[in-house]
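Here's the letter readout for the chains.
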Amino acid sequence: MRMALKALLGVAALALSASPALADPAAGKKTFTAKGCGDCHYTDGPAKEKTIADQLTKKGPELWYAGSKFQKKWLGAWLEDPKPIRPMKFNSLTEKNPGDHPKLAGGDAKNVNEFLMSLVSKDVKAGVIKPKKAAKGRLIFTKKMPCTGCHQYPAKKRAKYKGGNSGPTLVGAGKRLNPDWIYAYLKTPKIFKPVKSMPVFAGILKDKDMKNVAQFVATFK
Amino acid sequence: MMKSANAILAGLTLLGLASWVQAGALAADAETTFKFYCAQCHGLGGKGDGPNVTKNFPVSPRNFTNAKEMNKLSDADIKNVVLDGGPAASKSPMMPPWGKTLTGPQVDGLVKHLRKLCKCKGKQG
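All of these numbers come straight from a predicted model, not from anything done at the bench.

With that out of the way, let us pick up the overall build of chain A. Looking only at helices and strands, one finds twelve helices and two strands in chain A. For chain A, the sequential pattern of α-helices and β-strands runs α-α-α-α-α-α-α-α-β-β-α-α-α-α. By principal-axis analysis of the C-alpha atoms, chain A measures approximately 70 × 40 × 35 Å. In chain A, buried positions account for 36% of the 221 residues. Once local pairs closer than 6 in sequence are excluded, the contacts in chain A between residues at least 24 apart make up 68%.

Let's shift gears to the domain arrangement of chain A. All names here are of chain A. On domain assignment, one finds that chain A holds domain 1 (23–117) and domain 2 (135–217). Taking only C-alpha atoms into account, the centre of domain 1 sits 21 Å from that of domain 2. At the interface, 18 residues of domain 1 touch 16 residues of domain 2. Counting residues per element, the ones that place at least two in the side of domain 1 that touches domain 2 are helix 3 (52–57) and helix 4 (66–69). Considered class by class, the residues forming the side of domain 1 that touches domain 2 number nine nonpolar, four polar and five charged.

So, on to the interface of chain B and chain A. In this complex, chain B contributes 21 residues to the contact, which on the side of chain A involves 19 residues. Among the residues making up the side of chain B that touches chain A, the classes are represented as 13 nonpolar, seven polar and one charged.

With that out of the way, let us pick up the packing of helix 7 (residues 135–144) of chain A against helix 12 (residues 207–217) of chain A. The relative placement of two packed helices is expressed as an angle between their axes plus a distance between the axes. Residue and element names in this part refer to chain A. Following both chains from N to C, one finds helix 7 and helix 12 inclined at 90°, their axes separated by 8 Å at the closest point. By the angle between their directions, the pair helix 7 and helix 12 is classed as roughly perpendicular. When helix 7 is examined against helix 12, the residues Lys136, Gly137, Arg138, Ile140 and Phe141 are found in contact with a partner set consisting of Asp209, Asn212, Val213, Gln215, Phe216 and Val217. A class-by-class count of the residues in the contact of helix 7 with helix 12 yields five nonpolar, three polar and three charged.

Turning next to unusual backbone geometry. Across the chain, the bulk of peptide bonds are trans and the bulk of non-glycine residues have phi less than zero. Cis rather than trans, the peptide bond between Gly45(A) and Pro46(A) has omega equal to 0°. Mapped onto the secondary structure, Pro46(A) falls in the loop between helix 2 (25–34) and helix 3. One non-glycine residue, Ser90(B), lies in positive phi territory at about 55°. Here Ser90(B) lies in the loop between helix 3 (75–84) and helix 4 (104–118). Taking the number of C-beta atoms within 10 Å as the measure of exposure, Ser90(B) has 6 and is therefore exposed. At Lys119(B), a position not held by glycine, the phi torsion is positive, near 50°. Overall, Lys119(B) belongs to the exposed group, with 9 C-beta atoms counted inside 10 Å.

On to the confidence of the model for chain B. In this model, chain B carries a mean pLDDT of 89, and residues with pLDDT of at least 70 account for 77%. Among the scores for the predicted complex, ipTM is 0.89 and pTM is 0.87.

Time to look at the environment of Gly122(B). Residue and element names in this part refer to chain B. Among the structural elements, Gly122 can be located in the segment after helix 4. Using a count of 18 C-beta atoms within 10 Å as the deciding quantity, one classes Gly122 as partly exposed. When sequence neighbours within four positions are dropped, the list of residues in contact with Gly122 reads Met70, Asn71, Leu73, Ser74, Asp75 and Arg115.

All names here are of chain B. Remark: helix 3 packs on helix 4, axes separated minimally by 10 Å, with the N-to-C direction vectors making an angle of 125°. Relative to helix 4, the element helix 3 lies oblique. In the packing of helix 3 onto helix 4, the handedness of the crossing is right-handed. Contacts from Asp75, Ile78, Lys79, Val82 and Leu83 in helix 3 reach Val107, Leu110, Val111 and Leu114 in helix 4. A breakdown of the residues in the contact of helix 3 with helix 4 according to their chemical character gives seven nonpolar, no polar and two charged.

What follows is about the environment of Pro87(B). Residues and elements named next belong to chain B. Inspection of the secondary structure assignment puts Pro87 in the loop between helix 3 and helix 4. Taking the C-beta count within 10 Å as the criterion, Pro87 has 13 such neighbours and is therefore assigned partly exposed. Measuring from C-alpha to C-alpha, the distance between Pro87 and Gln40 comes to 19 Å, with 47 residues separating the pair along the chain.

Residue and element names in this part refer to chain A. The complete set of buried residues in helix 2 reads Gly28, Lys29, Thr31 and Phe32. Down the axis of helix 2, the smallest arc covering the buried residues is 165°, so these residues share one side. Across from the buried face of helix 2, at angles greater than 90 degrees, the exposed residues are Ala26 and Ala34. Against the buried residues of helix 2 lie helix 6 (106–117). Backbone geometry just after helix 2 places Gly36 at a positive phi near 80°.

About the cut-offs
Residues numbered from 1 in each chain as written. Chains lettered and ligands numbered in written order. Predicted model: local features only at pLDDT ≥ 70, side-chain atom pairs only at ≥ 80, totals over all residues. Helix = DSSP H or I, 4+ residues; strand = E, 2+ residues; numbered from the N terminus. Buried ≥ 20, exposed ≤ 12 C-beta atoms within 10 Å, placed from the backbone. Contact = placed C-beta atoms within 7 Å. Domains from an automatic or database assignment. Nonpolar A, V, L, I, M, F, W, Y, C, P; charged D, E, K, R; others polar. Axes fitted to C-alpha atoms, helices over the stretch in contact; angles between N-to-C directions. Parallel < 35°, antiparallel > 145°, perpendicular 65-115°, else oblique. pLDDT = per-residue confidence, 0-100. Left-handed = near helix turned anticlockwise from the far one by under 90°. Arc of directions from axis to C-beta.

Okay, structure coming up:
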């Protein structure tokens, strides 16, 4: 009996020592600072931009609500191997995105992911939106409102995607974005982005329709 | 008497200068507003050639430098479309409703900026 217990403890100790170190948000914050990520992304909310000039001064998107906006699995993988999200360079209408976002090595990416996921907004309520191919959401997104004018989205037929270039792509939005954030952003956009080149749809779309659009966008592969 | 006349003249000059500077600032603001919101589709120079306009774009955004076309619209027509979107003028929903985004002065500034681009006064009355 004693032998069996010892063997069991030995196996457990071995398993523990072989498992990778737990990701640490404090270490992630240190890495974020040390690597200069804060030069382009601010992480202390609330939103600071008040004018168009403020927005144009920014070199990259704000991340103070990253934990409410992104899906953890996607963010971890993206930090290790970042692919352009915007077809155009941030804040530019003339230059294409050069796709030169710095990469983080595995351990650093895990810690930074942990740090960014700890940055949440109280204005994003959890569990409100579930991905759903709602016909109403599709109709609003593709026909009634101009969403596709600025955002790429998955196409059904031969082309991989359709849509415009000035906004972030929504191809893969179902893996990248938290569905509840999509709705919160449509409903109270100024909390997250007080100055942005996307129209405010709150007050134009009914609350139910903003939910329909969020459900639909959350299905994008 | 002469002194007070001079003072009044100086005052008026300053007032004129201030309103000229203010008008200049508003025009600059209108251009900034245009480039930030409208140029995505209408292009930085307003020719309808923004980065969203690829071969798959379903409509041709208006070329604001086309005086002939722009003269068919009154300032009120332009304002309505900016505020309520393309469908307000039986045009495409690709033109967004900006009524909940832009302030009144921003919209008025945009109308003036478009008139500057088309070098036209538009339909009167």
